Each structure stands twice: as structure tokens, then as C-alpha cells.
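Architecture and fold: a report
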Amino acid sequence: MALDAPPLRWMASLLYVAVLLTGLYYVAAGLAPDWSGAELAVFAGGLVALLAVEQLDWRRPRTRHWAGSLLVVRIVLLEIVNSADEAGFSRALFVLVPFFAYLWLGRATGIALAVVYLLAALIRAGTVTGGRTDPEVVSDLFMLFIGLVLVVSTAAVAAEQRRSRLQAERLVTELTATQQRVAELSAASERNRLARDIHDSVGHHLTAVSVQLAKAEAFRERDPEVADRAVVDARRATGRALREVRESVGALRVEPFSLAAALFALVEGLHDADFRVVLDVGDAELDQGRAGSEALYRVAQEALTNARRHAGADLVRVVVRRGDDGAVLEVEDNGRGFTPDTALGGGLSGMRERLAVLGGSVRVESRPGHGTRIVASVPAGTR
């Protein structure tokens, strides 16, 4: 694990250059008479090699094996430079070893190398005559100790920042993927909602138009007035269908929605001598919210359409009442009935999907020859 390449590369390279220039100045100023040309060449060559290592390190992807190999190369080059350094400037570079080891090979390796370098410095100081009491030697050891503590602490902070950044990047990636998934699910949910709305509204109104047109055709000769009224009702149902389709496709949900008014308009478009609907909406305006009211209306629409188109019913009772936790809609007809478990088509599944989204439910009670009763409920406060 490492920080970004540029800061580390320039930090290490700057230190190598600083030590090299300091050594050259030391020699040029005549402050190192015992420093031979060969030693100076080894000193300068080793530092140039370290600079090359830094460039090589950052030009290829780092693996643990690669980082370990280059760390060994650095250690060897530093020892070579230090052995040829008569002035001792290169000793300051040893703190880079535990620093890089901590970042690339982990905390244990970094701390272990820091301890090794400190022990090696103590051993070397002990071999120097009077080293244990020499203030300069003691001062160098103390400064080395402080330097090692600082670089290990800095490496720990840098590694933690790197981990935090990588974790943040991972979380951002996961969040982006989650947001994309939510958007896809929202789009799918909206498509399903629009499909249910179009199915329920268009299917219902087309049934009403079909019934009214059939009525107009049947009464055209016997009672033209009734036929004309049926045509007007069919035209009105067509207008309502077009309006509801536009609302569904355009998601135009800005006007207030009244469940009672919508049910009265629904029954008005279906009611005639051959199909009677008894409506009780005393509790239609409970606090089920707009979404809940629209869902109950669609259930009533689908149930009435099925009662007229498939069940052959001539009487249907529609009741809206207060339930244990919200509003309840009951639609009961005297048609031929059916077996709910074997029923095909999208009407019943559409009812259940619509109510399930809101936390509600639909129960269908029916059997052949005994009519059908549909009970739908939505919780209070559905928005």
C-alpha cells in the first residue's frame, strides 16, 4: 500500500540530491581531506543509483514482491553509500527504509526495520572508544531515534489516509451502483404502474363504450331517444378514457383526487336497466391519501368491468368503509362466479401489485355459481 506516486518520489529524490550536493560541497570546500576519489565516486554513484531506483519504482505497477525486491536494493545501495561517506551525511537517509517498508509491506515490517536500524546504531556506538559517553554520539543516537519515531508515525498516518481514501472510493462505487439499481427499479415500477393504469382505465372505458354502442344499436329502431342517449354516454366514456390515458402517460397528478366523486362518475357510466350498481361511499374520504384513493378506485374499476364483461352480473354492491388501519373497499356481484386460484389474466394480479406497493392487500372470494366478493384495503396516510 502506498501513497500517490509524485509526493513519495519527489520526497525521496529530494533527500538523495540534498545529501549528494552536501557531500560534493564538503569535498569542494576542502573539509574532507581523507575522502578519496574512489570513495567519492562510490558515494555519488550510489546516490545516483538510488535516484534511478525511484524512477524505476514509479514507472511500473507495484506488487508486494516487486516492492520487497526494490526495498532490498535500496538497503544495499544505502549501505554502500554509507560505507564510502567519510562525513556521515548519508546516515540521514536510513529513515527512508522503515518509512517505505511500512507503506508497501505493512506495519510489522516497517516497525521491525526501524528497531533493527536503531539496534545497529547502538551496537556501532558501543564499538567506538568512548562512544557511550561522547555527547556527539549520544546526540546522533537520540536524533536517529526521534527520526525513526517520526517516520514510522508519518507512515502510519499516510497508510491510514490511504486506506480511508480507498474505502471512500469503494463506498462511492457501491453507492453509484446502488443508485443506478434504484433508478432502474424505479423506472420499472413506474412502467408497471403506467401499464396497470392504462389497462384498468382503457379496459373499463372500452367496456362501457361497447355496452353503450350495443344498446344504441339495439334501440335504434324501437326507441331512437334511448339510442341517442347511449351514443352520448359512449362518447362521454371515450372522453374519460382519453383523459385518463393522457394523465397516466404524462404522469399528470396535480389535480385533487376524490374517491367518492371518481366512484360516482364510474358508476354513472355503467349503470343502466341491465346492470345496476349500488354505491355506498359514506367513508370514502378517510385518510388513506391520494395514492391509496387512486388504488381503491382502480380496484373498483377493474372489479366492475369484470362483473359486467365476464361474470354476467346484473347487480353489484360497492362499499367504502373504515377498516382497522385505513380504508376498505368491498365490491360484491351476483354473477356466475369463478375459481380464483385458476383465474387467468392481468386484472387480479394488477390489483394485488397496486395494493402491495402501498402496503395494502386484496382478497378475492368466489366460487362458480355464487358470485364474487373482492375486498381491498390500504393503510391510512398512504402518499
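Each value, and the rule that gives it
Residues numbered from 1 in each chain as written. Predicted model: local features only at pLDDT ≥ 70, side-chain atom pairs only at ≥ 80, totals over all residues. Heavy atoms only, no water. Pairing = 2+ DSSP bridges. Helix = DSSP H or I, 4+ residues; strand = E, 2+ residues; numbered from the N terminus. Axes fitted to C-alpha atoms, helices over the stretch in contact; angles between N-to-C directions. Contact = heavy atoms within 4.5 Å. Patch = residues over 30% accessible without salt bridge, like charges linked within 9 Å, V, L, I, M, F, W, Y side chains within 5 Å. Areas by Shrake-Rupley, 256 points an atom, 1.4 Å probe, with all protein chains shown as cover. Salt bridge = Lys/Arg side-chain N within 4 Å of Asp/Glu carboxyl O. Expected span 1.5 Å × (residues − 1). Buried < 20%, exposed > 50% of the residue type's maximum accessible area, 1.4 Å probe, protein only. UniProt positions renumbered as here; feature names shortened; annotations may be inferred. Phe/Tyr/Trp six-rings, centres within 6.5 Å; stacked < 30°, edge-to-face > 60°. Lys NZ or Arg CZ within 6 Å of the ring centre and 35° of its normal. Core = buried A, V, L, I, M, F, W, Y, C linked by side-chain atoms within 4.5 Å. Parallel < 35°, antiparallel > 145°, perpendicular 65-115°, else oblique. Left-handed = near helix turned anticlockwise from the far one by under 90°. Nonpolar A, V, L, I, M, F, W, Y, C, P; charged D, E, K, R; others polar.

Moving on, we get to the sheet that holds strand E3 (residues 326-333). Read across the open sheet, the five strands follow the order E1-E2-E3-E5-E4; overall the sheet is mixed. On the outer flanks of this sheet lie strand E1 (276-280) and strand E4 (361-366), each paired with one strand and no other. Along the sheet, successive strands turn relative to each other by an average axial angle of 15°, direction set aside. Contacting E1 and strand E2 (315-323), helix H8 (residues 259-270) crosses the sheet at an angle of about 170° to E1.

Attention shifts here to a nonpolar patch on the surface. A cluster of nonpolar side chains, contributed by Val42, Val72, Val76 and Ile80, occupies part of the molecular surface with about 300 Å² of accessible area. By residue number, the principal contributor to the nonpolar patch is helix H3 (residues 64-83), which donates three residues. Looking at where valine 42 falls in the secondary structure, it is placed in helix H2 (residues 37-57).

This part covers helix H9 (residues 289-309). An ideal rise of 1.5 Å per residue puts 30 Å on 21 residues; H9 measures up with 30 Å between its terminal C-alpha atoms. Taking burial as the measure, the 21 residues of H9 include 17 buried ones, the bulk of the element.

A separate point is the UniProt feature "transmembrane region" (unreviewed entry) in the chain. As recorded in UniProt, the sites labelled "transmembrane region" (unreviewed entry) are residues 12-29, 35-53, 65-82, 112-129 and 141-159. The span residues 65-82 is 100% helical and 0% strand by assignment, and the distance between its end C-alpha atoms comes to 26 Å.

With that settled, consider the packing of aromatic side chains. Taken as a whole and judged by the stated rule, the model has five aromatic pairs. With a centroid separation of 5.3 Å and an interplanar angle of 85°, the aromatic rings of tyrosine 26 and phenylalanine 89 are classed as edge-to-face. Linking tyrosine 26 in helix H1 (residues 5-28) with phenylalanine 89 in the loop between H3 and helix H4 (96-105), this pair joins segments that are 63 residues apart in sequence. Tyrosine 26 gets classed as partly exposed once you look at its relative accessible area, which sits at 24%. Since its relative accessible area comes to 26%, phenylalanine 89 is described here as partly exposed. Aromatic pair tryptophan 35 and phenylalanine 43: ring centres 5.1 Å apart, planes at 70°, arrangement edge-to-face. Pair check on accessibility: tryptophan 35 and phenylalanine 43 agree, each one buried. Each residue in the set Phe99, Phe100 and Trp104 is aromatic and connected to the rest through ring pairs, giving one cluster. Over the aromatic face of phenylalanine 100 sits the side chain of arginine 74, whose NZ or CZ is 5.0 Å from the ring centroid.

What follows concerns the nonpolar core. Core analysis: the biggest nonpolar cluster contains 44 residues, and Tyr16, Phe43, Leu47, Leu71, Leu93, Phe100 and Leu103 have the highest contact counts within it. Taken together, the elements giving at least two residues each to this core come down to H1, H2, H3, H4, helix H5 (107-127) and helix H6 (135-219). Aside from chain neighbours lying at most four places away, what touches leucine 47 is Tyr16, Val19, Leu20, Val81 and Leu93. Residues Ala234, Leu304, Leu355 and Val378 belong to the second largest nonpolar core, which totals 38 residues.

As a further point, take the pattern of salt bridges. For the structure shown, the criterion picks out ten salt bridges. Note that glutamate 174 is salt-bridged to arginine 170, the shortest N-O span being 3.0 Å. Separated by four residues within a single helix, glutamate 174 and arginine 170 lie in helix H6, roughly one turn from each other. A residue is classified by how much of its surface remains accessible, and glutamate 174, at 40% relative accessible area, is partly exposed. Residue arginine 170 is classed as partly exposed on the basis of its relative accessible area of 41%.

A few words now on the packing of H4 against H5. Contact geometry for H4 and H5: axes closest at 6 Å, N-to-C directions at 165°. When the interaxial angle is binned, H4 and H5 end up roughly antiparallel. As for the relative orientation of H4 and H5, their crossing is right-handed in sense. Here Val97, Pro98, Ala101, Tyr102 and Leu105 of H4 lie close against H5, whose contacting residues are Arg107, Thr109, Gly110, Ile111, Leu113, Ala114 and Tyr117. For the contact of H4 with H5, the class distribution of residues is nine nonpolar, two polar and one charged.

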